[in-house]
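Coordinates in review
Here's the letter readout for the chains.
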Amino acid sequence: MILLESTNIPPSIALYSALIGSASGILVSQVFDIIKLKKKHKLNLQKEFFSRKLDAFEKTVIFWTNVQNMLQGLEMTLKSIRNPDHYFDEQVTKKILDAITKDYTDINDKVKDIYSSLRLYIDIPKEYYFSHKVMEYFNLYGELGLLIESANKKEIQEKELRKELEKRIQKMDEISKIIDSKASEFINLLRYELEKFYY
């Protein structure tokens, strides 16, 4: 009170000033809290987005790496098919055709899911829509099984069988190289997309 009397400020004005100062301090504090909350929310959204994008990229890399490994494994079967002394009985032929059907179905289903997820996060250039090459590879592989089945039923001559098998195997080798190259390029594209988050 002594201070108020010496400055000649009425007590009600001093009280109002104190209330206004206190209220403005609370208001400023609340505004900063809201700004911090918005920033935290935005960071959480970015973190979730990155996490989901990373998950989609990881699944894609795993998928194409598995496809590459599977094609390398099938090369062993192709080598045995090329061997003129190798004979496939009906039971082996059925196993080959069943395995082809299963692999074909699995890959076809997975590739749809993977590309659908990726489209949410990046624009995929047209040259990386090459899953049709994998399907073409498996179609040729299925044709090998059908040719071998025809040979078992004596519907095709051995010489003609070997010629047809070789023609398809050569085409499969070409496709396998394309798939391997495109898969590696696509994986590098995904790495580049992820590096954008670090800079």
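Thresholds, definitions, all that
Along every chain, residues carry numbers that run from 1 in the direction the sequence is written. With the structure being a predicted model, the display of local features is reserved for residues of pLDDT at least 70 and the display and counting of side-chain atom pairs for 80 or more, all residues being used for whole-chain, interface and lining totals. As a rule here, side-chain values cover all heavy atoms of the structure and leave hydrogens and water aside. In this description, a nonpolar core means a group of buried Ala, Val, Leu, Ile, Met, Phe, Trp, Tyr and Cys residues linked to one another through side-chain atoms lying within 4.5 Å. Three exposure classes are used, based on accessible area relative to the maximum for each residue type with a 1.4 Å probe and protein chains only: buried under 20%, partly exposed in between, and exposed over 50%. Here a helix means four or more residues in a row that DSSP labels H or I, a strand means two or more in a row labelled E, and each is numbered from the N terminus. Throughout, a residue-residue contact means that at least one pair of heavy atoms, one from each residue, lies within 4.5 Å. Axis lines are fitted through C-alpha atoms, for helices just across the contact stretch, and the angle between N-to-C directions can take any value from 0 to 180 degrees. Here the angle decides the label: under 35 degrees means roughly parallel, over 145 means roughly antiparallel, 65 to 115 means roughly perpendicular, and every other value means oblique. Left-handed describes a crossing in which the near helix is turned anticlockwise from the far one by less than a right angle; the clockwise case is right-handed. Classification convention: Asp, Glu, Lys, Arg as charged; Ala, Val, Leu, Ile, Met, Phe, Trp, Tyr, Cys, Pro as nonpolar; all other residues, Gly among them, as polar. Ring geometry is summarised as follows: Phe, Tyr and Trp rings, the Trp one being its six-membered ring, pair when their centres sit within 6.5 Å, and such pairs are stacked at plane angles under 30 degrees, edge-to-face over 60 and tilted between the two.

With respect to the nonpolar core
Membership of the largest hydrophobic core comes to 44 residues, with the highest contact counts inside it found for Trp64, Tyr137, Ile179 and Phe186. Looking at this core element by element, the count peaks at 12 residues for helix α5 (residues 158–195). Discounting chain neighbours no more than four positions away, the residues touching isoleucine 179 are Trp64, Val67, Leu71, Phe130, Lys133, Val134 and Tyr137.

As for the packing of helix α3 (residues 90–119) against helix α4 (residues 131–152)
Each pair of packed helices can be summarised by the angle the axes make with each other and by the distance between the axes. Relative orientation of the contacting elements α3 and α4 amounts to 165°, with a least axis distance of 10 Å. In terms of their interaxial angle, α3 and α4 are classed as roughly antiparallel. Here α3 and α4 pass one another in a crossing that is left-handed. Residues Glu90, Thr93, Ile96, Leu97, Ile100, Asp103, Tyr104, Ile107, Asn108 and Val111 of α3 form the contact with α4, whose own contacting residues are Ser131, Val134, Met135, Phe138, Asn139, Tyr141, Gly142, Gly145, Leu146, Ile148, Glu149 and Asn152. A per-class count over the contact of α3 with α4 returns 12 nonpolar, 7 polar and 3 charged.

Section: the packing of aromatic side chains
Here the structure, examined in full by the defined rule, presents 3 aromatic pairs. Between tyrosine 137 and phenylalanine 138, the aromatic rings sit 5.9 Å apart at their centres with planes inclined by 80°, giving edge-to-face as the arrangement. Classification of tyrosine 137 by relative accessible area gives buried; the value is 1%. With 6.5 Å between their ring centres and 10° between their planes, tyrosine 137 and tyrosine 141 make a pair best called stacked.

Focus: the side chain of serine 176
In this structure, serine 176 sits in helix α5. With a relative accessible area of 12%, serine 176 lands in the buried category. Once residues within four sequence positions are removed from consideration, serine 176 is found in contact with Leu71, Glu75 and Tyr137.

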